[in-house]
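Structural description and commentary
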Protein chains: 2
Amino acid sequence: MKLYDLDASGNCYKVRLLASLAQIELEVVAVDFINGAHKTSPLVDLNPLGQLPILEDGSQVVRDSQAILIYLAGVYGGLAWWPAHAQGQAEIMQWLSFAANEVDHSLCAARLVKKFGAELDHLQALQKSALTLSQLDKHLEHKEWLAIGRPTIADCAVYPYVALAHEGDVDLSPYSHIARWMKRLEALPGYLAKPQ
Amino acid sequence: MKLYDLDASGNCYKVRLLASLAQIELEVVAVDFINGAHKTSPLVDLNPLGQLPILEDGSQVVRDSQAILIYLAGVYGGLAWWPAHAQGQAEIMQWLSFAANEVDHSLCAARLVKKFGAELDHLQALQKSALTLSQLDKHLEHKEWLAIGRPTIADCAVYPYVALAHEGDVDLSPYSHIARWMKRLEALPGYLAKPQ
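Residues numbered from 1 in each chain as written. Chains lettered and ligands numbered in written order. Predicted model: local features only at pLDDT ≥ 70, side-chain atom pairs only at ≥ 80, totals over all residues.

1. Re the overall build of chain A
Worth spelling out the cut-off: The way it works is that DSSP assigns letters per residue, a run of H or I at least four long becomes a helix, a run of E at least two long becomes a strand, and they are numbered from the N terminus. Within these notes, the globule rule equals 2.2 Å times the number of residues to the 0.38 power, and the radius of gyration is based on C-alpha atoms. Residues are called buried when their C-beta atom has 20 or more other C-beta atoms within 10 Å, exposed when it has 12 or fewer, and partly exposed otherwise; all C-beta atoms are positioned from the backbone.
Secondary structure assignment for chain A yields 7 helices and 4 strands. Of the regular secondary structure in chain A, the N- to C-terminal order runs β-α-β-α-β-β-α-α-α-α-α. The C-alpha atoms of chain A give 16 Å as radius of gyration, which agrees with the globular expectation for 196 residues (16 Å, within 12%). For the C-alpha atoms alone, the extent of chain A along its principal axes is close to 45 × 40 × 25 Å. Looking at chain A as a whole, 49% of its 196 residues are labelled buried.

Encoded structure:
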């Protein structure tokens, strides 16, 4: 099973993190992102959106990090990381959306500016980051994990861009509940450290 | 089961559309959005992100339109709209992400500018809309539905902002496969017309 990957991508890291935690073996294929290999054949035939990560499992191809999390957790992770009941799936989905919306538009955007020179509004990204982090911190005040009382793909989806926040000059120090949640996740067997 | 709703919201329409198609009864509660009722108690206690829609099903509260789609389809829709197998769920998730990312940043953004006066770049939203629609059209060239060969919550998630594209001055006329897909969806029993 191949993961077409960019090491520096937080979205790719979501997948590598889950695979490592859930002991799912992946062949990680580094993609020549700088030269746009993801925008040309053969990769663009696997994912017409021209994005990474892409998972190739025999004839099955899955694009989009959140979809890959569901695929890996659901097909290879037992019920540990993605439960079978829709109530739990919906609870987790709230946090996949939080990763795709709130986190993407704030922490991820700030990092894109500072690390990759993206032409986005860094000040606005910092303001949104403060709101996003305060929402996350409040949620974690009385909870150990984001959803259903145990580590799931919700945590794998939200953790990466929080762990990489410093690369966007986002200060995590005010958020003590987030800090404790990160420590819990980092203490799990199989934890994979963030890209440097 | 209550849906806290804003009629003009495409995200709320996703939920009403599924409920209507799947014959799931909802008590639709119109929220005084203009006066910020979603940002104050009691609604902000249900959804600390201060957003609509919110679903309240007894003691269970679900925020985020895509999470509500999974909840309703999974808990009340049998296996028709959200399958039990992770392969199918992941295939659908790709399109929930397409709705949250590609569609949101293009068609939805264009509509926010034209209909609600949002301070976003309309020209950029139109350019992104053309790309998003061409990707969608290509996908539908040889497919009747977005995922797993039948109508699912993937279609319910992507259809609304496509159907509302004209309100953002986005031209759908070049996309014949999208047009046929929309007609198929609009012919389903229980189809609920878009907000006017």
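2. Observations regarding the nonpolar core
Basically, it comes down to this: Nonpolar cores are built from buried Ala, Val, Leu, Ile, Met, Phe, Trp, Tyr and Cys residues. These are joined into a set through C-beta atoms within 7 Å. It is the C-beta atoms, placed from the backbone, that decide contacts: two residues are in contact if theirs lie within 7 Å.
Core analysis: the biggest nonpolar cluster contains 120 residues, and A:L18, A:I153, B:L18 and B:I153 have the highest contact counts within it. Once residues within four sequence positions are removed from consideration, A:L18 is found in contact with A:L69, A:L72, A:A73, A:W81, A:I153 and A:C156.

3. Examining the sheet that holds strand β3 (residues 54-57) of chain A
Residue and element names in this part refer to chain A. Operational definition: Strand pairing is assigned whenever DSSP identifies at least 2 bridges connecting the two strands. Note on geometry: axes are lines fitted to C-alpha atoms, helical ones only across the stretch in contact, with angles between N-to-C directions running from 0 to 180 degrees.
Pairing is mixed in the open sheet, where 4 strands are placed in the order β2-β1-β3-β4. Of all strands in the sheet, those with a lone pairing partner are β2 (27-30) and β4 (60-63), marking the two edges. Here the strands of the sheet are splayed against their neighbours by 20° on average, with no regard to which way each runs. Both strand β1 (residues 2-5) and β3 contribute to a ladder of 3 bridges, which runs antiparallel. Within β3, the position partnered with L3 by the bridge is L55. With respect to the sheet, helix α3 (residues 65-76) is in contact with β3 and β4, its orientation differing from that of β4 by roughly 135°.

4. Considering the confidence of the model for chain A
Applied cut-off: Note on scores: pLDDT gives the predictor's confidence for each residue, bounded by 0 and 100.
Confidence in the prediction for chain A averages 96 pLDDT; 100% of positions are at 70 or higher. For this predicted complex, the interface confidence score (ipTM) comes to 0.96, while the overall pTM stands at 0.97.

5. Points about the relation of the copies chain A and chain B
Selection criterion: The superposition of copies rests on a least-squares fit of C-alpha positions from residues with pLDDT of 70 or more in both.
Between chain A and chain B, the superposition needs a rotation of 180° and an axial shift of 0.0 Å, giving an RMSD of 0.0 Å. Between the two chains, the operation in question is that of a two-fold axis. Comparing interface residues between copies, 100% of those in chain A also sit at the interface in chain B, which points to an isologous, same-surface contact.

6. Focus on the interface of chain A and chain B
The cut-off we apply is this: Amino acids outside the nonpolar list (Ala, Val, Leu, Ile, Met, Phe, Trp, Tyr, Cys, Pro) and the charged list (Asp, Glu, Lys, Arg) are all regarded as polar, and Gly is one of them.
Each partner contributes to the interface: chain A provides 24 residues, whereas chain B provides 24 residues. The set of elements that each furnish at least two residues to the side of chain A that touches chain B consists of β4, α3, α4 (86-116) and α5 (122-139) of chain A. The element contributing the most residues to the side of chain A that touches chain B is α4(A), with 9 residues. Residue composition of the side of chain A that touches chain B, by class: 12 nonpolar, 9 polar and 3 charged.

7. A few points about the pairing of β2(A)
Taken residue by residue, a regular strand's side chains alternate between the two faces of the sheet. Residue and element names in this part refer to chain A. For the record, the criterion: Assignment of crossover handedness uses the view with strands pointing away from the viewer, where a clockwise path from the first strand over the helix to the second indicates a right-handed crossover.
Inspection of the sheet shows β1 paired to β2 by 4 bridges, in the parallel sense. Residue pairing in the sheet places L3 in a bridge with V28 of β2. One crossover worth recording links β1 to the parallel β2 by way of helix α1 (residues 10-21), and it is right-handed.

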